[in-house]
Amino acid sequence: MRGPLSYRLGALREREYRLLFSATVITSLGDAIAQIALAFAVLDVGSATDLGIVFAVRQGANAAVLLLGGVLSDRLPRSRVLVGASVVQGLSQAATAAAVLSGRASLLVFVAFGVLYGIGDGFVIPAEVGLVPQTVSEGRLEQANALQGLSRSGVRVLGPAVGGILVVAASPGVALALDSASFFVCAFLLSLIRIPPRADLAPQRFFHELREGWREFTSRTWLWSTVLLFGIGNVFFMFWSVLGPAIAKERLGGAGAWAAILTAGGVGSVAGGVWALRHRPLRPLVACVLWPLLFVVQIVVLAAGAPAWGVAVASFAAGLGISIHLTLWFTIFQREVPERAQSRVSSYDALGSFVLNPLGAAIAGPLAAALGSANALWLAAAAIVACNVGMLLIPSVWAIRRPEPQPAPA
């Protein structure tokens, strides 16, 4: 008889998912280390506005290739698409690390290699969303999504701490070099995944496939309406990423304090991932909309001028909420959208959700300069709450209900 823990980790019994999970852990660790390194590498040569520009360029390049990534991921083996994306991101981070370590870093360098990184990143979500259900049995799909989130959350505990130590004791370039290496290891593991060819891969014209994905996307009111509102809310989520490091450098204690805050968020994400392994709400999309409101808490606490430890506590709550939200979202998506179109539809999902992020990254610094950082953060908190409340007024959000459990294989 299986114990509860053995049952909840059952997705790891399946080889192809185990490879995907391992690749996710490794590259997520590298990214968690690099997140703090990139922020302080840019702040060493520029301002919060410059940091916003770097984030905006990365995300703009991501958005520019999302739809292409969706079509290719529904046409080609998704594991191979992810291999290519990992190699591109690894090269970008290697070049950025070399520039920082050689003392030749500048805003132009960060922008140029940020474009390359964003292009690779634009293929990740469409390919991964469609690949997870191909690597695990239906009865273990929710487990697999929870474990994917848990893997990213777990390394967020260690990654910022390691990144903070490397930034303070060595150089942001060292952390960026480690991230580069993690992408190449990830690419190797992904290359070992073996998925049977899909029977429905008859080639179609590019724009025909785009239109088919668009029809699938727009035919689901719950999907396009929440994506629209999440996209508006995500503009203001970016205020945390841009203004947080600048405020930490100004009054919270610098890179070490920001690393501690991000680590607390990682601990919260782990707690959320563990909870998500057993969390099966009756109306999963309603819960999916409510959980991200915990992210607002950390914005409010930062705006209120709390000390570093108070922001860290709020970051724990935010990490917990976002982790559960993502598990619920991907599980709902994979159950409600046909497998043959999942990558294309997820590209529209990601495009709608994140296409305005560059705007948020670009305006956060100027708004903080004009209104003050605290007022800019209060504005962001109010906007996010308004968007999520708006989602709860959509009837189809309440219509998505928990399915009957499917038996997992022995």
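All of these numbers come straight from a predicted model, not from anything done at the bench.

The rules we used
- Along every chain, residues carry numbers that run from 1 in the direction the sequence is written.
- Only residues with pLDDT of 70 or above have their local features reported here, since the model is predicted, and side-chain atom pairs are shown and tallied only from 80 upward, although totals for entire chains, interfaces and linings are computed over all residues.
- Only heavy atoms go into the side-chain values, all of them from the structure, while hydrogens and water stay out.
- Any two rings among Phe, Tyr and Trp, with Trp reduced to its six-membered ring, count as a pair given centres within 6.5 Å; such a pair is stacked if its planes are under 30 degrees apart, edge-to-face if over 60, and tilted if neither.
- The secondary structure listing takes helices from DSSP runs of H or I that are at least 4 residues long and strands from runs of E that are at least 2 residues long, numbered from the N terminus.
- Think of it in three bands: with a 1.4 Å probe and only protein chains considered, a residue is buried below 20% of the maximum accessible area for its type, exposed above 50%, and partly exposed in between.
- Consider the ring centre and the ring normal. A charge sits over the ring if Lys NZ or Arg CZ is within 6 Å of that centre and within 35 degrees of that normal.
- On a range of 0 to 100, pLDDT expresses the predictor's confidence in each residue.
- Throughout, a contact is declared for two residues whenever any of their heavy atoms are within 4.5 Å.
- Lines fitted to C-alpha atoms define the axes, with helix axes restricted to the stretch in contact, and inter-axis angles between N-to-C directions lie between 0 and 180 degrees.
- We call two directions roughly parallel when the angle between them is under 35 degrees, roughly antiparallel when it is over 145, roughly perpendicular when it lies between 65 and 115, and oblique otherwise.
- Crossing handedness is defined as follows: a turn of the near helix away from the far one that is anticlockwise and smaller than a right angle gives a left-handed crossing, while the clockwise case is right-handed.
- The criterion is simple. A nonpolar core is a set of buried Ala, Val, Leu, Ile, Met, Phe, Trp, Tyr and Cys residues joined through side-chain atoms within 4.5 Å.
- We define a salt bridge as a contact between a side-chain nitrogen of Lys or Arg and a carboxyl oxygen of Asp or Glu at a distance within 4 Å.
- The residues that make up patches have over 30% relative accessible area and no salt bridge, and they are joined within 9 Å when like-charged or within 5 Å when they are Val, Leu, Ile, Met, Phe, Trp or Tyr.
- For the accessible areas, the method is Shrake-Rupley and the probe is 1.4 Å, while residue cover comes only from the protein chains on display.

> Describe the packing of aromatic side chains, listing the residues and the values that go with them.
Applying the stated criterion across every chain yields a total of eleven aromatic pairs. Ring geometry for Trp 240 against Phe 295: centres 6.4 Å apart, planes inclined by 75°, an arrangement best described as edge-to-face. Placement of Trp 240 in helix H10 (residues 221-252) and of Phe 295 in helix H13 (residues 293-303) is noted, with a sequence separation of 55 residues between them. Residue Trp 240 shares its accessibility class with Phe 295, and that shared class is buried. Clustering of aromatic rings is evident, with ring pairs tying together Phe 237, Trp 240, Trp 258 and Phe 295. Of note, Arg 58 hangs over the ring of Tyr 117, and the distance from its end group to the ring centre comes to 3.8 Å.

> Outline the confidence of the model for the chain, listing residues and values.
Summary statistics for the chain give a mean pLDDT of 83 and a share of 93% for residues scoring 70 or more. Per-element averaging of pLDDT across the chain places helix H1 (residues 4-8) at the bottom with 54 and helix H17 (residues 373-392) at the top with 94.

> Could you give an account of the environment of Val 174, naming the residues involved and the relevant values?
Tracing the sequence through the fold places Val 174 in helix H8 (residues 172-191). Looking at Val 174, the relative accessible area reads 31%, which means it is partly exposed. Note: C-alpha distance between Val 174 and Pro 338 (164 residues apart in sequence) is 43 Å. Those residues in contact with Val 174 that sit more than four places away from it in its chain are Leu 101 and Leu 166.

> Can you lay out the packing of helix H3 (residues 48-75) against helix H15 (residues 342-354) for me, pointing to particular residues and giving the numbers?
Relative orientation of the contacting elements H3 and H15 amounts to 165°, with a least axis distance of 7 Å. By the angle between their axes, H3 is roughly antiparallel relative to H15. Between H3 and H15 the crossing geometry is right-handed. Where H3 abuts H15, its residues Ala 63, Leu 66, Leu 67, Gly 70, Val 71, Ser 73 and Asp 74 lie against Gln 342, Ser 343, Arg 344, Ser 347, Tyr 348, Ala 350 and Leu 351.

> Outline the nonpolar core, supporting the account with residue identities and numerical values.
Buried together is how nonpolar side chains tend to be arranged in soluble globular proteins. In terms of nonpolar packing, the biggest core is built from 60 residues, with Phe 40, Phe 110, Phe 239, Leu 243, Trp 258 and Leu 377 touching the most fellow members. Membership of the second largest hydrophobic core comes to 28 residues, among which are Val 286, Ala 287, Leu 320 and Met 391.

> Before we move on, can you summarise the pattern of salt bridges with the specific residues and values?
A complete count under the given rule lists three salt bridges for this structure. For Arg 344, the salt bridge identified is with Glu 212, shortest N-O distance 2.8 Å. Of this pair, Arg 344 sits in helix H15 while Glu 212 sits in helix H9 (residues 206-218), and the two are 132 residues apart along the sequence. Here Arg 220 makes a salt bridge to Glu 216, at a shortest N to O gap of 2.8 Å.

> Could you give me a rundown of the environment of His 325, with the residues and numbers involved?
Structurally, the position occupied by His 325 is in helix H14 (residues 308-336). Distance in space between the C-alpha atoms of His 325 and Leu 290 is 8.1 Å, their sequence separation being 35 residues. Ignoring sequence-local partners within four residues, the contact set of His 325 consists of Phe 230, Cys 288, Trp 291 and Pro 292.

> With reference to specific residues and values, describe a nonpolar patch on the surface.
On the surface, Trp 224, Leu 228, Ile 232, Val 355, Leu 356 and Leu 359 cluster together to form a nonpolar patch covering roughly 500 Å² of accessible area. No other element matches H10, which puts three residues into the nonpolar patch. The residue Leu 228 is located in helix H10 in this model.

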